[in-house]
Amino acid sequence: MAKSKSVPDNEKIAIVTGAARGIGLEIARELLDMGMTVLGVDISVENLAAAKAELASDKFDIATLDVTDSAGFEKVVSDMVDKHGRLDVLVNNAGITRDNICVLLTDDDWDLVMKVNLKSAFIGTREAGKVMMRQRCGSIINMSSYSGLEGNRGQANYAASKAGMIGLSKSAAKELAKRNVRVNCVCPGFIKTEMTDAIPQEAKDMALTMIPMKRMGQPGDIAKAVGFLASDASGYITAQTLSVDGGMHT
Ligand code: NAD
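Residues numbered from 1 in each chain as written. Predicted model: local features only at pLDDT ≥ 70, side-chain atom pairs only at ≥ 80, totals over all residues. Heavy atoms only, no water.

## Some details on the sheet that holds strand β4 (residues 89–92)
Heads up, the condition is: For two strands to be treated as a pair, DSSP must find at least two bridges joining them. Going along the chain from the N terminus, every DSSP run of H or I of four or more residues is numbered as a helix, and every run of E of two or more is numbered as a strand. Every angle, taken between N-to-C directions, lies between 0 and 180 degrees, and every axis is a line fitted to C-alpha atoms, over only the stretch in contact when it is a helix. Contact definition: two residues touch when any of their heavy atoms are within 4.5 Å.
The strand order across the open sheet built from seven strands is β3-β2-β1-β4-β5-β6-β7, with neighbouring strands paired in parallel fashion. This sheet does not close on itself; its edge strands, each paired only once, are β3 (60–64) and β7 (241–244). When the angles between neighbouring strand axes are averaged without regard to direction, this sheet yields 20°. As paired elements, strand β5 (residues 138–143) and strand β6 (residues 181–188) share six bridges and run parallel to each other. In the strand pairing of β6, Met 143 is matched with Val 186. Packing of helix α4 (residues 107–135) onto the sheet brings it into contact with β4, β5 and β6, and relative to β4 it is tilted by some 175°.

In structure tokens, the structure reads:
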């Protein structure tokens, strides 16, 4: 069996993508609360600066990154390892929607969503995976979605990208397991963030009828699940897809 070079949770080094707002910001907060050192990366310079001010922790740093930039992502990972000597947790959370019914979706809307949501998770998994394999421990968490499990009207591109993340995660998990590197997906349901604020009220009302718990989730609900998967409490859990959706997916 591979000899683990794991460190306690409060000494872990983490990168969270899409950390400037919404679910990613709450994940950064949760990992910081667990004592981890966190780098939050995002494409939005302004929101990142606001996140840095809000979290106000000397264990929280920020870096501007478009997660589709392979060389940029590689550099963020290698800079983090140069600075801290290791990388224990990567959360591939950055994501976008470009919704339309399938027959009206443009090639550009398809390509962009696949690139930002799925290709970036592949790049991150590859770069973090190399480091974690060498150190013989690590946890990669990919932010999929209920839409990736079930499909959703108006979201063929988004659902395909999120389903792809599950296939990516399960495959990488099987490759990396013997080096004590875990790869899991979290599938949020309907969570209150600026992403869902943009949905028309009628569609929100319809979505609520599908949730057995009859309420939207909060970003903190997702952050708690990610914190668990990042921690040693989930040390024997890999290649799994954890739904956090008020009971929608069973
Ligand atoms: P959000 O739009 O509030 O936040 C997404 C963050 O990702 C933003 O800060 C944005 O700037 C960043 N981002 C976008 N493109 C990027 C890029 N190319 N490079 C770097 N950063 C980029 O969304 P959210 O609701 O917080 O969602 C976070 C994740 O959870 C996404 O992957 C989303 O698909 C997933 N998710 C959300 C819900 C929900 O109900 N909110 C449900 C299921 C899954």
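Still to come is the rest of the account.
## A short note on helix α9 (residues 219–230)
Heads up, the rule is: One less than the residue count of a helix, multiplied by 1.5 Å, gives the span that helix is expected to have. Type-normalised accessible area, obtained with a 1.4 Å probe on protein chains alone, sets the label of each residue: buried when under 20%, exposed when over 50%, and partly exposed for intermediate values.
With twelve residues, α9 ought to run about 16 Å at 1.5 Å a step, and its terminal C-alpha atoms sit 16 Å apart, in line with that. Turning to α9, its buried residues number three or more, namely Pro 219, Ile 222, Ala 223, Ala 225, Val 226, Gly 227, Leu 229 and Ala 230. Elements that come into contact with the buried residues of α9 comprise α1 (22–33), β4, β5, β6 and β7.

## So, unusual backbone geometry
Positive phi, normally seen in glycine, also occurs at Asn 180, with a value near 65°. If you trace the backbone, Asn 180 turns up in the loop between α6 (156–176) and β6. A residue is classified by how much of its surface remains accessible, and Asn 180, at 28% relative accessible area, is partly exposed.

## Things to note about helix α3 (residues 70–84)
Let me state the cut-off plainly: In protein, a polar contact means a hydrogen-donor-capable atom and an acceptor-capable atom, both N or O and within 3.5 Å, with residues adjacent in sequence counting only if both atoms are side-chain atoms; elsewhere, any N or O pair within 3.5 Å suffices.
When the terminal C-alpha atoms of α3 are compared, their 21 Å separation across 15 residues agrees well with the 21 Å that a helix rising 1.5 Å per residue should span. Looking at the buried side of α3, the elements it contacts are β1 (13–17), β2 (37–42), β4 and α4. You can read the cap of α3 off the contacts: a side-chain oxygen lies 3.3 Å from the backbone nitrogen of Ala 71, and it is on Asp 69. A positive backbone phi angle near 85° is found at Gly 85, which sits one or two residues after α3.

## Let's talk about the nonpolar core
The line we're drawing: Throughout, nonpolar core names a set of buried Ala, Val, Leu, Ile, Met, Phe, Trp, Tyr and Cys residues whose side chains join them through atoms within 4.5 Å.
Ile 27, Leu 31 and Val 38 are the most contacted members of the largest nonpolar core, which totals 27 residues. Residue assignment for this core shows that the elements contributing at least two residues are β1, α1, α2 (45–55), β4, β5 and α9. Excluding anything up to four places from it in sequence, Ile 27 contacts Val 16, Val 91, Asn 93, Met 143, Ala 223 and Val 226. Of all hydrophobic cores here, the second largest spans 25 residues; its members include Ile 15, Ala 128, Met 132 and Ala 173.

## Describing the pattern of salt bridges
Pairing between side chains becomes possible if they bear opposite charge and their charged atoms approach one another. Just so we agree on the cut-off: Here, a salt bridge means any Lys or Arg side-chain nitrogen found within 4 Å of an Asp or Glu carboxyl oxygen.
Following the criterion strictly, the structure yields 13 salt bridges and no others. Residue Lys 83 is joined to Asp 61 by a salt bridge in which the shortest nitrogen-to-oxygen separation is 3.2 Å. Of this pair, Lys 83 sits in helix α3 while Asp 61 is found in strand β3, placing the two residues 22 residues apart along the sequence. For Lys 83, a relative accessible area of 57% corresponds to the exposed category. Classification of Asp 61 as partly exposed rests on a relative accessible area of 34%. The shortest N-O distance in the salt bridge between Glu 127 and Arg 126 comes to 2.9 Å. On the basis of relative accessibility, which here comes to 32%, the residue Arg 126 falls in the partly exposed class. Several salt bridges share partner residues, and in doing so they unite Asp 9, Lys 12 and Asp 232 into one network.

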